[in-house]
Amino acid sequence: MLLEKLLEYADRLDLPPALYAEGPVRYLIELDATGHLLSPEPIDTADPASPRTKRGQRRLVPQVARSSAVKPLLLCDKADYVLGYVADPSRTPRVKECHRAFLELLERCAQATAEPTVAAVLAFLSGDGATDLQLPSDFDPGGIITFRVDGVFPIDLPAVQAFWANEHEPAACDAPVMQCLVCGKEAPCLPACKER
């Protein structure tokens with residue numbers, strides 16, 4: 001009875017997209033529609049005076065549990081994934097693997113969604129555009145980086161959000177089927193998904 005009431009209540013809430021959660025985004029890379037930089041430096045959104053935004057502006061971003069495995073987040077991640085930024089030379093092979101995985105995910109998203117903003121980010125990262133990016137002296141490689149293309153955040157687009165949810169669809173990764181305690185429907189169980 002209590003679970004059923006909670007389910008009814010959840011239907012009235014404005015929940016974030018599947019596999020999205022609010023988190024701090026430290027840096028914005030501004031691009032035009034062709035994937036060229038609009039600003040040579042990333043925009044630092046951190047406000048040290050505010051406890052809520054001291055690590056960056058908070059916004060809904062793709063999330064998924066990850067441990068030591070290479071598992072990129074879509075269109076927003078740390079500098080090693082997004083830019084192939086090497087802070088520690090001993091980690092160069094790992095950083096290359098992380099960046100390659102980020103680009104492969106981005107390419108799949110561009111093909112699946114046909115979103116021009118995603119294509120612009122892919123063009124920027126695949127071409128020479130990223131070499132023009134000037135990182136500030138106080139750059140935090142652990143800060144989350146995302147993109148804004150002609151004023152649009154690609155991570156906010158419904159097609160991109162649907163792609164992210166589909167990438168982690170439990171049925172696609174041979175998850176065991178279990179019965180829901182609330183509605184009684186049988187469906188694949190999300191936590192059982194393995195790394196791709």
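See above for the structure.
Computed from a prediction, not measured in an experiment: that's the story for all the values here.

**Points about the pattern of salt bridges**
Across all of its chains, the model carries nine salt bridges by this definition. In this structure, R52 and E22 form a salt bridge, with 3.2 Å as the shortest nitrogen-oxygen distance. Of this pair, R52 sits in the loop between β3 (43-44) and β4 (57-62) while E22 sits in strand β1 (residues 20-25), and the two are 30 residues apart along the sequence. With relative accessibility at 42%, the residue E22 sits in the partly exposed group. Among the salt bridges present, the one from R58 reaches E22, with a minimum N-O distance of 3.0 Å. Placement of the pair is R58 in strand β4 and E22 in strand β1, with a sequence separation of 36 residues. Look at R58 and you get partly exposed, because its relative accessible area is 29%.

**Description of the packing of aromatic side chains**
Per the stated rule, a full pass over the model turns up three aromatic pairs. Ring centres of F124 and F147 lie 6.3 Å apart, and the angle between their planes is 70°; this geometry places the pair in the edge-to-face category. Separated by 23 residues along the polypeptide, F124 in helix α4 (residues 116-126) and F147 in strand β6 (residues 145-149) bring together distant segments of the chain. By relative accessible area, which is 1% here, F124 ends up buried.

**Some remarks on the side chain of T113**
Within the element layout of this structure, T113 appears in helix α3 (residues 92-113). Separated by 2.7 Å, the side chain of T113 and the backbone oxygen of C109 make a polar contact. Residues contacting T113, with those up to four places away along its chain left out, are V118, A159, V160 and F163.

**Quick word on the packing of α3 against α4**
Interhelical geometry of α3 versus α4 gives an angle of 145° and a closest axis separation of 9 Å. Pair α3 / α4 crosses with left-handed handedness. Residue-level inspection shows F102, L103, L106, E107, C109, A110 and T113 of α3 in contact with α4, the latter providing V118, V121, L122 and L125. For the contact of α3 with α4, a count of residues per class yields nine nonpolar, one polar and one charged.

Reading the values: rules and limits
Residues numbered from 1 in each chain as written. Predicted model: local features only at pLDDT ≥ 70, side-chain atom pairs only at ≥ 80, totals over all residues. Heavy atoms only, no water. Salt bridge = Lys/Arg side-chain N within 4 Å of Asp/Glu carboxyl O. Helix = DSSP H or I, 4+ residues; strand = E, 2+ residues; numbered from the N terminus. Buried < 20%, exposed > 50% of the residue type's maximum accessible area, 1.4 Å probe, protein only. Phe/Tyr/Trp six-rings, centres within 6.5 Å; stacked < 30°, edge-to-face > 60°. Polar contact = N/O pair within 3.5 Å; in protein donor to acceptor, adjacent residues only side chain to side chain. Contact = heavy atoms within 4.5 Å. Axes fitted to C-alpha atoms, helices over the stretch in contact; angles between N-to-C directions. Left-handed = near helix turned anticlockwise from the far one by under 90°. Nonpolar A, V, L, I, M, F, W, Y, C, P; charged D, E, K, R; others polar.

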